[in-house]
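Observations on chain architecture
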Amino acid sequence: MMVRILPVAAAILLLVAAVSAPLPADRYQLDHDNDGTDEQRSLFMTAQQCKGTTLAPGGKLYPNEYICATDPDDGSSIRFGLNFIGILLFYKNDKVVWSSKKRGDYLVFQEDDAHLVLYSTGNRVAWSSQCFGRGGAKAAEINFGGSSSSRPGLLLVDDNDNDVWFLGTDGSLAGCYPDPKTLLVPPPSKEPAVSPPTKDASVVQDTDPGEQDWDDEDIPINSDGVGIDCSNMRGRAILSTTRRGDPLLTMRFVLRTPKMHPDYPFTRAERTAGGTLTVQLSYEYEGWVALGLSKKGKMVDSEPVICLPNENDVSKYAITRKRVSGIVPRSRQTLADTALSQADGVTECRWAKRLLESGEIPIRTSRSNTFVWAVGNENDLSYHWKRGSVDISFAQCGIKDDVVEVDDVVPELPRVTPKPRPSPTPQPRPKATPRPSSTPTIGPTDKPTRKPTNKPTDKPVEMKTNRPTLKPTMETEIVEPDVVNNNPGITSFFVMGDAPYNDREMTHWVPRQIEKIPYDADFVFHVGNQMLPASSKCNIMWNMFMRDTALAKSAAPVFITPGENDYVRCRGKIETSDDDVEVAWQNWKDTYLRMDKMWPHPLPVKYHRERPENFSFLLKRTLVISFHMINGPVVDAAEWVERHKSNYEF
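Residues numbered from 1 in each chain as written. Predicted model: local features only at pLDDT ≥ 70, side-chain atom pairs only at ≥ 80, totals over all residues. Heavy atoms only, no water.

Looking now at helix α4 (residues 540-549). Residues that lie three or four places apart on an α-helix share one face, since the helix turns once every 3.6 residues. The buried count for α4 comes to nine of ten residues, which makes it a mostly enclosed element. Buried within α4 we find Met541, Trp542, Asn543, Met544, Phe545, Met546, Arg547, Asp548 and Thr549. N-cap assignment for α4: the residue whose side-chain oxygen lies 2.7 Å from the backbone N of Met541 is Asn539. (Buried < 20%, exposed > 50% of the residue type's maximum accessible area, 1.4 Å probe, protein only. Helix = DSSP H or I, 4+ residues; strand = E, 2+ residues; numbered from the N terminus. Polar contact = N/O pair within 3.5 Å; in protein donor to acceptor, adjacent residues only side chain to side chain.)

Structure below.
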């Protein structure tokens, strides 16, 4: 349930947990011993088990099984594995830093290709690392900065000691690390043009664009990762590298102008535009790539060329906002010599763009040009995996923006002198009349009248009058101080409860509801019953997973009050405890008490000293009160009476 309430006056809000009928317990059918038979296994009956710090080739992890380690630097506990409902998680100090968001029956480290795969019912792939080794698997280990890793995290290594996949303890997914590939050379499209010898040192002998060998490995690279050979106006830029320092995205380019390349077969439009810049991107992965000009180094308002392998398309786009809907193709597509290919896990994309085009950011030869780039891990356009910017300047080569040949320029039309436009006549400013007018003015004057008017003005004047008016003016609005709990206004909050009751609600329904909460919401309130004892077994891991992977993603601070399913109905559900209700209540407090402190918010929350699960705050003249009152069986009559008495006093 998700409700948005908009009160406009002061009110007292009482939020009470609701009651819902129990659902049958979820169970897995798993074949653990590979004997062809399935064993019935409860989601929460098995305690967490650490299987060491390494998962061997062919090794498997089942629900509640992890590989664990302790960071020697800060003593933090690290574990990676499947939780009780089969979701692959990475924990640091019992906090979820990464989740596969997919549920499976078991995880296996593939022996033949060092591929990590989560299988669901029927051996269907629910999730995979999508990274393959150059040989068999060696280990999936929690690494704290060994010979092949400088950061702590989970590392997949093949039997050639190559890094295959890395997941940092901060939740950052470094992704795949393929071996460096040999640069693909595009085949020539036609016979190379033969240029006659010349004595002009400023003229560069060039060939047809189809015969591009990109022999630039000897070009020195500066600290910014950019190198230019001014003798032939070629260059390269290392836009992104892997964790080991190998090039991940490389930009190779050739600048051609009519003056420096007089024998190059420019089209008339290219010659008029002052030349072309030919670019080839080499991406050591299979996915879309993009590169374009930007005035401020930002993605928004940039003009990228995007290469989409699935559509075999290389086109110019404009980015108007930070959404896929804000990436639109330009109306004029003028790119030349486009090519797009994928082979051996490498994406190659090439195009030639005119230096000067109407309505587009120009490519300057005498100053720095800012390019923005982005890459994806899919062949269709999606959210970028990595992005960045680079500045490339041809000024070091001592060339200026090319001047176009007179014969190739369309004659300019004679300039038309615009007709002079009449300047507006200044309007006289209103002045105070020497005597009061017989009727009030329509609006307030700049200055008060010398004498009070016979009647009050319709609106208060901007400045105070020297003398009191004969009759009182209409009451003006008194503005309260700018304090969050006193300012009048609309209070916007969202209410939910009785969820999640099963693993689908936990991993699908609740996170989707939380993601839809807007950033202008004041707060979110969960009215309790965030579990069903029959399916959760009142395990604290359910509470922690709900908090860290669902509620913690809210844009607004979240408040929660206990429900009867959260602890009272846990009697007989925790087999390892003699007092299930007390253990479940302590689990709730350890997980959710003062949860709103996870967000930096200005709400003046006051907690009850005796029962801190009770709280209140005043927001925009609306008083919000939450107290612990449930509709469930009375476990302890004395506690029930004392709790209600405490609620009343609060």
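This structure, assessed with the given rule, holds 23 aromatic pairs. With centroids separated by 6.3 Å and ring planes inclined at 70°, the aromatic side chains of Trp98 and Trp165 adopt a geometry described as edge-to-face. On the criterion of sequence distance, the pair formed by Trp98 in strand β11 (residues 95-103) and Trp165 in strand β17 (residues 163-168) is long-range, its members being 67 residues apart. Taken individually, Trp98 and Trp165 each receive the classification buried, so the pair is uniform in this respect. For the ring pair Phe615 and Phe617, a centre distance of 6.5 Å and an interplane angle of 0° mean the geometry is stacked. Note on Phe615: relative accessible area 3%, which makes it buried. (Phe/Tyr/Trp six-rings, centres within 6.5 Å; stacked < 30°, edge-to-face > 60°.)

So, on to the state of the cysteines. Tallying each qualifying case throughout the model produces three disulfides. The disulfide bridge from Cys50 ends at Cys68, spanning 2.1 Å between sulfur atoms. Given an S-S torsion of about -85°, the disulfide between Cys50 and Cys68 has left-handed geometry. A residue pair is termed long-range when its members are at least 10 positions apart, and Cys50 in strand β5 (residues 49-50) and Cys68 in strand β8 (residues 65-70) qualify at 18 residues. (Disulfide = S-S within 2.5 Å.)

The strand order across the open sheet formed by five strands is β5-β8-β9-β10-β11, and the pairing between neighbours is mixed. Looking at the sheet topology across the chains shown, the edges are occupied by β5 and β11. Sheet topology note: the β5/β8 ladder contains two bridges and is parallel. Following the sheet pairing, Cys50 is matched in β8 by Tyr66. Relative to the sheet, α4 contacts β9 (77-82), β10 (87-92) and β11, its axis offset from that of β11 by approximately 95°. (Pairing = 2+ DSSP bridges. Contact = heavy atoms within 4.5 Å. Axes fitted to C-alpha atoms, helices over the stretch in contact; angles between N-to-C directions.)

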